[in-house]
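Coordinates in review
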Amino acid sequence: MRRTEIGVIGLAVMGRSLALNMADHGFKVGGYNRSREVTDEVLREHPHENFVPFYDMKELVESQERPRKFMIMVKAGKPVDMVIEQLLPLIDEGDMILDGGNSFFEDTRRREKNLREKGILYFGTGVSGGEKGARFGPSIMPGGDKEAYGHIAPILEAIAAKAQGEPCCAYMGPDGAGHYVKMVHNGIEYADMQLIAEAYLLLKYAGGFTNEELADTFAEWNEGELKSYLIEITAGIFREKDDFTDKELVDYILDSAGQKGTGRWTSLESLKQGVNVSMITAACNARIMSNRIEERKTARDLFDSPKPKPAPEKTAFKKQVREGLYTAKIAAYAQGFELLSHASGEYGWDLDYGRVASIFRAGCIIQAQFLDDITRAFEKNGALKNLMMDSFFMDGVNRGQRSLRDIMCMGIQKGIPLPAMSQAVAYIDAFRGMPVGANLIQAQRDCFGAHTYERTDRGGIFHHDWRF
Ligand code: 6PG
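The structure contained in this document is the topic of the report that follows. (Residues numbered from 1 in each chain as written. Predicted model: local features only at pLDDT ≥ 70, side-chain atom pairs only at ≥ 80, totals over all residues. Heavy atoms only, no water.)

Thoughts on the site of the ligand
Rules: By convention in this text, a residue qualifies as near a molecule or strand provided that one of its non-hydrogen atoms is within 4 Å of it. Under this definition, polar contacts are N or O atom pairs within 3.5 Å; protein pairs additionally need one hydrogen-donor-capable and one acceptor-capable atom, and for neighbouring residues in sequence, both atoms have to be side-chain atoms. Secondary structure is summarised from DSSP: a helix means a run of H or I of at least four residues, a strand means a run of E of at least two, and numbering begins at the N terminus for each.
The full set close to the ligand counts 14 residues, and S128, E189, Y190, K260 and R287 are the nearest of them. With respect to the ligand, the side chain of S128 contributes an N or O atom lying 2.4 Å from an oxygen atom. Here an oxygen atom of the ligand sits 2.4 Å away from a polar atom, N or O, in the side chain of Y190. The greatest single-element share of the shell around the ligand, amounting to 5 residues, is contributed by helix α8 (residues 177-206).

What follows is the structure, given as structure tokens:
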């Protein structure tokens, strides 16, 4: 019997989708799940000639050609360590373990180091695209041993989404690089989703758009510079009917968002690196605020709302919101990629940002036409520090910032919370060299704590004897 070429451990939605994707591409896949009912369910619902079920980890291991390859698709955290512990006594030097979950990159670095010492090659592998992506073509971000990548590349690149014929999978760098890139991808995803939500609030509560108009607007935007998976599904969401009423479902969904942690990790990591990803942080905070359901309900009657203002003319307003959203989106991606660039230096990963952008072009949640432009910017200048310094994006910011400011003013006057867009404006203004008030802060620091300051007119470090 032909030996299996890879073993997938964990057959919940993402694991089974990836396993079947591999099977579709002609790879013989061994599948194992801790509880056998899940394996049986896959067999029953998705029988496939290339998918072989195993109910015993040892048999899964023995079925494989060498070097063996295992893709772990279990919940991030302890479960990953548990699977590794189970595998370790059964496998040999030179075998490979891939972790395809959203593991924290520091865990991946630790695991990679421990396993390397034992001769096992470990790949922290970011996988994006949700269930459909995993089944029919995700974006894949593997990190680990560069030479060993050649062994897993044929499988990963075959199952990945394709953008202009190229696989959306590429070697990212050593140890935690793949999971780091996935973490930042998710941080950007948070910011992008929050910006879209804010555009929705503006159109609905300032512009008076109906769900049908919202659907048409997002569908129209999906034809231009905002063309992306998230804009596309947003258009669909506004049309989707509810199962219990004859209205649109979106209006029956509680105004409270979940989060599993990858956005928060990005934000925490940015503070550690000293990089401003304020829009990602704003998106996390927006979700946190959204969870205060009872307090928000109570407070609604306790605070005054701004006086009503006339609604703007719809066509002109729609154009402003589109331009403002696009401008803010540039700032969000600039922040995310700047974090990648700092991390690359800090952890010695030598990330290729153009390549990162190119594998985001299809398959993943943030896939967008925009990623082609980002790829080009980094191909033009691999050392680009911040996307906004690329002429294409600089032009975008210069063209759109007026609209961003106008819609922000409208939102503020109407009492609509726009945390990510506000951060975009503040970021752009600080970035373009406007005074940020740090001279006063330095004066205060020197005044109360003799922390010293630098001067604008001469070099050196100064302390002033404050006289008041
Ligand atoms: C992806 C998604 C995926 C998942 C996130 C959502 O790239 O396929 O990012 O990883 O949807 O975990 O995260 P939250 O539950 O935190 O929104």
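Quick look at the environment of Y55
As a reminder, the rule being used: In what follows, residue pairs with any heavy atoms lying within 4.5 Å of each other are defined as contacts.
With respect to the helices, strands and loops of the structure, Y55 is situated in the loop between β3 (51-54) and α3 (57-62). Separated by 16 residues in the primary sequence, Y55 and T39 have C-alpha atoms spaced 7.9 Å apart. When sequence neighbours within four positions are dropped, the list of residues in contact with Y55 reads Y32, R36, T39, D40 and L43.

With respect to a nonpolar patch on the surface
Using the following cut-off: Note that patches include only residues with greater than 30% relative accessible area and no salt bridge, and the join distances are 9 Å for like charges and 5 Å for nonpolar side chains (Val, Leu, Ile, Met, Phe, Trp, Tyr). For the accessible areas, the method is Shrake-Rupley and the probe is 1.4 Å, while residue cover comes only from the protein chains on display. Throughout this description, the term salt bridge denotes a Lys or Arg side-chain nitrogen within 4 Å of a carboxyl oxygen of Asp or Glu.
A cluster of nonpolar side chains, contributed by L249, Y252 and I253, occupies part of the molecular surface with about 280 Å² of accessible area. Here I253 lies in the loop between α10 (229-239) and α11 (262-273).

Considerations on the state of the cysteines
Basically, it comes down to this: For this text, the term disulfide refers to a pair of cysteine sulfurs within 2.5 Å.
Evaluated as defined, the whole model comprises 0 disulfides. Here C169 is not disulfide-linked; the sulfur of C168 is the nearest cysteine sulfur, at 9.0 Å.

A few points about the sheet that holds β3
The criterion, for reference: Note: two strands are recorded as paired if DSSP finds a minimum of 2 bridges between them. Angles shown run from 0 to 180 degrees and are taken between the N-to-C directions of axes, each axis being a line fitted to C-alpha atoms and, for helices, limited to the stretch in contact.
With mixed pairing, 7 strands are arranged side by side in an open sheet as β3-β2-β1-β4-β5-β6-β7. In the strand order of this sheet, the two ends are held by β3 and β7 (139-143), each with one partner. Sheet twist, expressed as the mean angle between neighbouring strand axes with direction ignored, is 25 degrees. The sheet contact formed by strand β1 (residues 6-9) and strand β2 (residues 29-32) spans 4 bridges and is parallel. Bridge pairing in β2 places I9 opposite Y32. Running over the sheet, helix α1 (residues 13-24) touches β1, β2, β3, β4 (69-72) and β6 (121-128) and is turned about 160 degrees from β1.

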